[in-house]
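# A look at the structure
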Amino acid sequence: MAEQLSAPVAADPDGGSATDTHPLGPDRSTLRLALTVGGLVLAVLLGFGLGRANPKPATPGGTGVAAAATGEHTHAPGTGAHDHGAGGDAATAAGGLSVTSSGYTLTPSTGDHAAGRAGEFRFRIHDDRRRAVTRFAVVHDKPMHLIVVRRDLTGYQHLHPTMAADGTWSVPLTLAQPGVWRAYADFVAVADDGRQTPVTLGVDLTAPGGYAPRPLPAPATTTTVDGFTVGYEGVPEVGKALPVRFRVGQGDAPAVLERYLGAYGHLVALREGDLGYLHVHPEPTSAGDTVTFWVTAPGPGRYRMYLDFQVAGVVRTAEFTVTVA
Ligand SMILES: [Cu+2]
């Protein structure tokens, strides 16, 4: 009954212990299914990767990355150890719909960004006593993952902000086109007592100007990006964790996926309509050109999946529209 976990480590040098740290614990049926598959890493709420244009930032607190070793924990299913205070349906609910969740609040320092102009996004995470949080667990080698997408699901960016000592996070950000954009801060906060809380908070950012939304592309199971052909098999369903396997080809040959930020690929899925952020669990292994994720759809509708994968040191993103019946 052992599950592996990519152990989050407190970013603070004084560090909390990496105890039971599923960023999003599965519900019991999910857990059972996962365990029948065996060895499934359930540790990570979402796949994370380096943004293509984003240099690897320093780690706040100066620790963390090097210390983000793989750990293990064990406990019997049904002990309630996976509730993590995030609500009983954490595995099936969409995240990122609120600036406040589980006692934590995302506070951006600016709301407006000039379209097409390089800028900076700064924010803090406050706890339920209105203190800026400065201790975060490292998940997928980073204490903070920031996803930014325009509300028509275009312009996807996956960034890794850096934190100042006072808890202010900052990251270079360009909102390429006018419109309302959604930013998701995805992190595991570490409380004074060491308790770790996985949270995804969302806030709108505005780039003033004429907004010309693009229709969501039609559903497809293959796409191309920079000469790579990416396809997937598997059909997400409501309320069940099911495998979705991506395969990457380079020309006529299978691509060789590289491990980076603790996985062979990173998947983010967003729901059309409210931009709800799905919970996705990667499998720890890769069969060369394939990478598998366990996806749970919170409800019927259309979703946009963003797969970050690395080949020859370069991270690219393949995007798919998928309809969940
Ligand atoms: Cu990330």
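For the structure itself, look to the data block above.
Now for a quick tour of the structure. (Residues numbered from 1 in each chain as written. Predicted model: local features only at pLDDT ≥ 70, side-chain atom pairs only at ≥ 80, totals over all residues. Heavy atoms only, no water.)

### Describing the sheet that holds strand 20 (residues 314–324)
- If you trace the three strands from one edge of the open sheet to the other, you get 16-19-20, paired in antiparallel fashion. The open sheet has two edge strands with one neighbour each: strand 16 (266–271) and strand 20. Neighbour to neighbour, the strand axes of the sheet diverge by 20° on average, direction disregarded.
- Relative to strand 19 (residues 301–311), strand 16 runs antiparallel, the two sharing six bridges. Pairing of Ala 269 across the sheet is with Met 305, part of strand 19. (Pairing = 2+ DSSP bridges. Helix = DSSP H or I, 4+ residues; strand = E, 2+ residues; numbered from the N terminus. Axes fitted to C-alpha atoms, helices over the stretch in contact; angles between N-to-C directions.)

### Brief notes about the environment of His 266
- Within the element layout of this structure, His 266 appears in strand 16.
- With 27 residues separating them in the primary sequence, His 266 and Phe 293 have C-alpha atoms 8.6 Å apart.

### Observations concerning the sheet that holds strand 3 (residues 100–101)
- Strand order in the open sheet formed by five strands is 3-4-5-9-8, with antiparallel pairing between adjacent strands. Both outer strands of the open sheet, strand 3 and strand 8 (162–163), are each paired with one neighbouring strand and no more.
- Two elements, strand 4 (residues 104–108) and strand 5 (residues 119–126), share four bridges in a ladder whose sense is antiparallel. Paired with Pro 108 across the bridge in strand 5 is Phe 123.

### Examining the packing of aromatic side chains
- Considering all chains together, one arrives at twelve aromatic pairs under this definition.
- Centre to centre, the rings of Tyr 156 and Tyr 306 are 4.1 Å apart; their planes meet at 10°, and the pair counts as stacked. Taken together, the residues span a long stretch of sequence, with Tyr 156 in the loop between strand 6 (145–150) and strand 7 (157–159) and Tyr 306 in strand 19 at a distance of 150 residues. (Phe/Tyr/Trp six-rings, centres within 6.5 Å; stacked < 30°, edge-to-face > 60°.)

### Concerning the nonpolar core
- Residues Tyr 104, Phe 121, Phe 123, Ile 125, Leu 146 and Phe 187 are the most contacted members of the largest nonpolar core, which totals 27 residues.
- Elements supplying a minimum of two residues to this core: strand 4, strand 5, strand 6, strand 9 (168–173), strand 10 (179–190) and strand 11 (196–207).
- Filtering out sequence-adjacent residues up to four positions away, Phe 187 remains in contact with Tyr 104, Ile 125, Phe 136, Pro 143, Met 144, Thr 197, Pro 198, Val 199 and Leu 201.
- Counting 26 residues, the second largest nonpolar core, distinct from the first, contains Val 244, Val 248, Leu 267 and Ala 318. (Core = buried A, V, L, I, M, F, W, Y, C linked by side-chain atoms within 4.5 Å. Buried < 20%, exposed > 50% of the residue type's maximum accessible area, 1.4 Å probe, protein only. Contact = heavy atoms within 4.5 Å.)

### Notes on the coordination of the copper ion
- Protein ligation of the copper ion involves His 145 (ND1), His 158 (NE2) and His 160 (NE2), the donor distances falling in the range 1.9 to 2.0 Å.
- If you list the donors of the copper ion from N- to C-terminus, the spacing comes out as H-x12-H-x1-H. Assigned by exposure class, His 158 and His 160 land together as buried. (Donors = N, O, S within 2.8 Å, 3.2 Å for Na, K, Ca; no water.)

### Here we look at the pattern of salt bridges
- Applying the stated criterion to the full structure yields 15 salt bridges.
- One salt bridge in this structure joins Arg 151 and Asp 204, with 2.7 Å as the shortest N-O distance. Taken together, the residues span a long stretch of sequence, with Arg 151 in the loop between strand 6 and strand 7 and Asp 204 in strand 11 at a distance of 53 residues.
- Here Arg 151 falls in the partly exposed class, since its relative accessible area comes to 28%.
- For Arg 182, the salt bridge identified is with Asp 204, shortest N-O distance 3.0 Å. Of the two residues, Arg 182 is situated in strand 10 and Asp 204 in strand 11; the sequence distance between them amounts to 22 residues.
- According to the relative accessible area criterion, Arg 182 is buried, its value standing at 8%.
- If you follow the salt bridges from partner to partner, you end up with Asp 127, Arg 131 and Asp 192 in one network. (Salt bridge = Lys/Arg side-chain N within 4 Å of Asp/Glu carboxyl O.)

### Some details on the pairing of strand 4
- Two elements, strand 3 and strand 4, share two bridges in a ladder whose sense is antiparallel. Across the sheet, Ser 101 pairs through a bridge with Tyr 104, a residue of strand 4.

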